[in-house]
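Examining the three-dimensional arrangement
Residue-level listing of the chains:
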Amino acid sequence: MLQGFKDVPRAVWLLSAGVFVNAVASFTFIFVFVYLTGPRGLGIAEAGLVTGIGGIGVVAGNFTGGWYGDRYGHRRVLLAASALGGAALTLLPLLPTAVLYVALPLAQYTLGVVRSANSALVAVIVPEGARRQAFAVVRCVANGGFTLGPPLGGLIATGLSYDWLFVGDGIGTLLFALWTARAVPARGTARRAATAEGASRGGVWRELRARPAVLVLLGAIVVVDVVYRQQYSTFPVFLADHGLDTRAYGLILALNGAVILVLELPAAVALRNRPPLRIVGTGLLLVGAGYAALLAGVAVGTAVAMMVLLSLGEILYKTTATAYIADQAPEHAIGRFQSLYAGVSVSGVVLGAPLGGALYSAAPGLLWPLCALLAAGAGAAVLWMSAREGRRPARPARPARPAHETGSRPRPVAG
């Protein structure tokens, strides 16, 4: 299997080590609501408002991080956002409660920028043809970190205090910035003049219209992310309503990380030469099949089947879609394309809970059939586009760029 990763640059492996440490320390997104309603003393509605605004900050950061990178350099933006986000998280426990309405969303915004800038940086330093494997490596180590983070965060919160969760998360983000500065070289090469000309001839919308498959994929990901994130909102409520407690939910949710850790990298190698849109479409269908499994009845077995199918679908579509967007992006807009994908891929953070919660409250029997149909429809749209694209002449691959070229302005960059 290791042979399949020989084209992944050393810088990506080093960057992944930093991603792992940062993911382990990413406690706050899990415990922030408990922190606000507990030590900070906010009511449930007020805490929900602060958390919701923070979620909007995450999405906005994902949508804009790559745009900054295309102008100022992806490495530079990643370092700046990590430093600002880490400092904000570390200082957050010292701030008055009223200031949290601004400080927490700003911290979440910088972390969203970090996520999209990190994806753009990987897309820039990895040659076309090895991006699926590279993104699989980054996703796998991130999931490994997230698997270890929640129990460690629980120990810190109960053994020390909730304030130390923010301090630990902030220090982890600052360490990620320092590690990235060391692991990813700053030197770059000047871009070709054609790149600057391409940037001036038209914006991203013009580039997207020339790539209808990318537009269809982005729309499909919005739909599926709303469906996918029901596992974090209405799914545990559904289990509780049918006699399965929080412990059962935690064990079922742990399957997601386990399946990804075991299968993500082998799948990336085995499928690296398969048509990407076909893989993505199949993954979206598996997400729909996961929610359809719940129609067979409420039991541990159906819940486990749902989570396994969901995890398999995630393995197929998330890594492949990220790499496909990078491969389709024009050189002057790699960051903006990655930002668009990063933004739509977390749209469910804002939309999933309110839409799913409203439907489950009004007509609980309709939620899972609708989730299955929406994901299946999104998958079918991507598969249809795959068949359409398959009838077109193959696009010649762009020449591989040097692994150290991490800047993004039409002149040499220094950091």
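Computed from a prediction, not measured in an experiment: that's the story for all the values here. (Residues numbered from 1 in each chain as written. Predicted model: local features only at pLDDT ≥ 70, side-chain atom pairs only at ≥ 80, totals over all residues. Heavy atoms only, no water.)

1. Some thoughts on the overall build of the protein
The number of helices and strands found in the protein is 17 helices and zero strands. Counting only residues that meet the buried cut, the protein has 52% of its 415 residues in that class. Counting contacts in the protein only where the partners sit at least 6 residues apart, residues at least 24 apart contribute 86% of the total. Element-wise, carbon and sulfur atoms account for 69% of the exposed surface of the protein, whose accessible area totals about 17,600 Å². (Helix = DSSP H or I, 4+ residues; strand = E, 2+ residues; numbered from the N terminus. Buried < 20%, exposed > 50% of the residue type's maximum accessible area, 1.4 Å probe, protein only. Contact = heavy atoms within 4.5 Å. Areas by Shrake-Rupley, 256 points an atom, 1.4 Å probe, with all protein chains shown as cover.)

2. Here we look at the environment of Leu 271
Tracing the backbone shows Leu 271 in the loop between helix H12 (246-270) and helix H13 (276-293). Each C-alpha atom, one on Leu 271 and one on Gln 133, is 9.6 Å from the other, the two residues being 138 residues apart in sequence. Discounting chain neighbours no more than four positions away, the residues touching Leu 271 are Arg 132, Ile 279 and Leu 316.

3. Structural notes on the packing of aromatic side chains
As enumerated under the stated definition, the model contains five aromatic pairs in all. Judged by centre distance (6.3 Å) and plane angle (80°), the ring pair of Tyr 228 and Tyr 232 falls under edge-to-face. Using a relative accessible area of 2% as the deciding quantity, one classes Tyr 228 as buried. When the centroid spacing of 5.4 Å and the interplanar angle of 80° are considered together, the rings of Phe 238 and Trp 368 count as edge-to-face. Highlighted residues: Phe 238 in helix H11 (residues 234-241) and Trp 368 in helix H17 (residues 364-390), separated in sequence by 130 residues. (Phe/Tyr/Trp six-rings, centres within 6.5 Å; stacked < 30°, edge-to-face > 60°.)

4. Re helix H4 (residues 74-91)
Look at H4: 26 Å from first C-alpha to last across 18 residues, which is about the 26 Å you get at 1.5 Å a residue. Of all the residues in H4, the buried ones are His 74, Arg 75, Val 77, Leu 78, Leu 79, Ala 81, Ser 82, Gly 85, Gly 86 and Leu 89. (Expected span 1.5 Å × (residues − 1).)

5. A few points about the environment of Tyr 162
Inspection of the secondary structure assignment puts Tyr 162 in the loop between helix H6 (131-159) and helix H7 (163-183). Considering only alpha carbons, one finds Tyr 162 and Pro 93, 69 residues apart in sequence, at a separation of 8.7 Å. Ignoring anything within four residues of it in the chain, the contact list for Tyr 162 reads Phe 31, Val 34, Tyr 35, Pro 39 and Ala 157.

6. Concerning the nonpolar core
One finds Leu 217, Phe 235, Leu 284, Tyr 291 and Tyr 317 to be the most contacted residues of the largest nonpolar core, which totals 80 residues. In terms of residue count, the dominant contributor to this core is helix H14 (residues 300-328) (10 residues). Beyond its immediate chain neighbours, meaning those up to four positions away, Phe 235 contacts Gln 230, Tyr 249, Ile 252, Leu 294, Ala 303, Met 306, Met 307 and Trp 368. Formed by 12 residues, the second largest nonpolar core is a distinct cluster that contains Tyr 35, Leu 36, Ala 47 and Val 50. (Core = buried A, V, L, I, M, F, W, Y, C linked by side-chain atoms within 4.5 Å.)

7. Some details on the confidence of the model for the protein
Across the protein, the average pLDDT comes to 82, with 88% of residues at or above 70. Of all secondary-structure elements in the protein, the lowest mean pLDDT belongs to helix H8 (residues 193-201), at 42, while H13 reaches the highest, 96. Confidence drops under pLDDT 50 across residues 188-201; counting only partners more than four residues distant or on other chains, this segment forms 20 contacts. (pLDDT = per-residue confidence, 0-100.)

8. A look at the packing of helix H5 (residues 100-125) against helix H15 (residues 334-344)
The packing of two helices is summarised by the inter-axis angle and the distance between the axes. At their nearest, the axes of H5 and H15 sit 9 Å apart, and the two run at 135° to each other. Between H5 and H15, the interaxial angle falls into the category oblique. Here the hand of the crossing between H5 and H15 comes out right-handed. Where H5 abuts H15, its residues Arg 115, Ser 116, Ser 119, Ala 120, Ala 123 and Val 124 lie against Ile 334, Gly 335, Gln 338, Ser 339 and Ala 342. Residue composition of the contact of H5 with H15, by class: five nonpolar, five polar and one charged. (Axes fitted to C-alpha atoms, helices over the stretch in contact; angles between N-to-C directions. Parallel < 35°, antiparallel > 145°, perpendicular 65-115°, else oblique. Left-handed = near helix turned anticlockwise from the far one by under 90°. Nonpolar A, V, L, I, M, F, W, Y, C, P; charged D, E, K, R; others polar.)

9. Regarding the pattern of salt bridges
Per the counting criterion, the structure on display carries seven salt bridges. Ionic pairing is found between Arg 336 and Asp 70, a salt bridge with its closest N-O pair at 2.9 Å. Here Asp 70 lies in helix H3 (residues 44-72) and Arg 336 lies in helix H15, a separation of 266 residues in the sequence. Accessibility assignment for this pair places Arg 336 and Asp 70 in one class, buried. Here Glu 314 ties to Arg 139 by a salt bridge, and the two come within 3.4 Å at their closest N and O atoms. You can see Glu 314 sitting in helix H14 and its partner Arg 139 sitting in helix H6, a full 175 residues away along the chain. On the basis of relative accessibility, which here comes to 3%, the residue Glu 314 falls in the buried class. According to the relative accessible area criterion, Arg 139 is buried, its value standing at 16%. Taken together, the salt bridges that share partners define one network made up of Arg 139, Glu 264, Glu 314 and Lys 318. (Salt bridge = Lys/Arg side-chain N within 4 Å of Asp/Glu carboxyl O.)

10. Comments concerning the side chain of Ser 16
Within the secondary structure, Ser 16 is located in helix H1 (residues 10-24). For Ser 16, a relative accessible area of 3% gives the class buried. Not counting residues up to four positions away in its chain, the partners in contact with Ser 16 are Val 137, Val 138 and Val 141.

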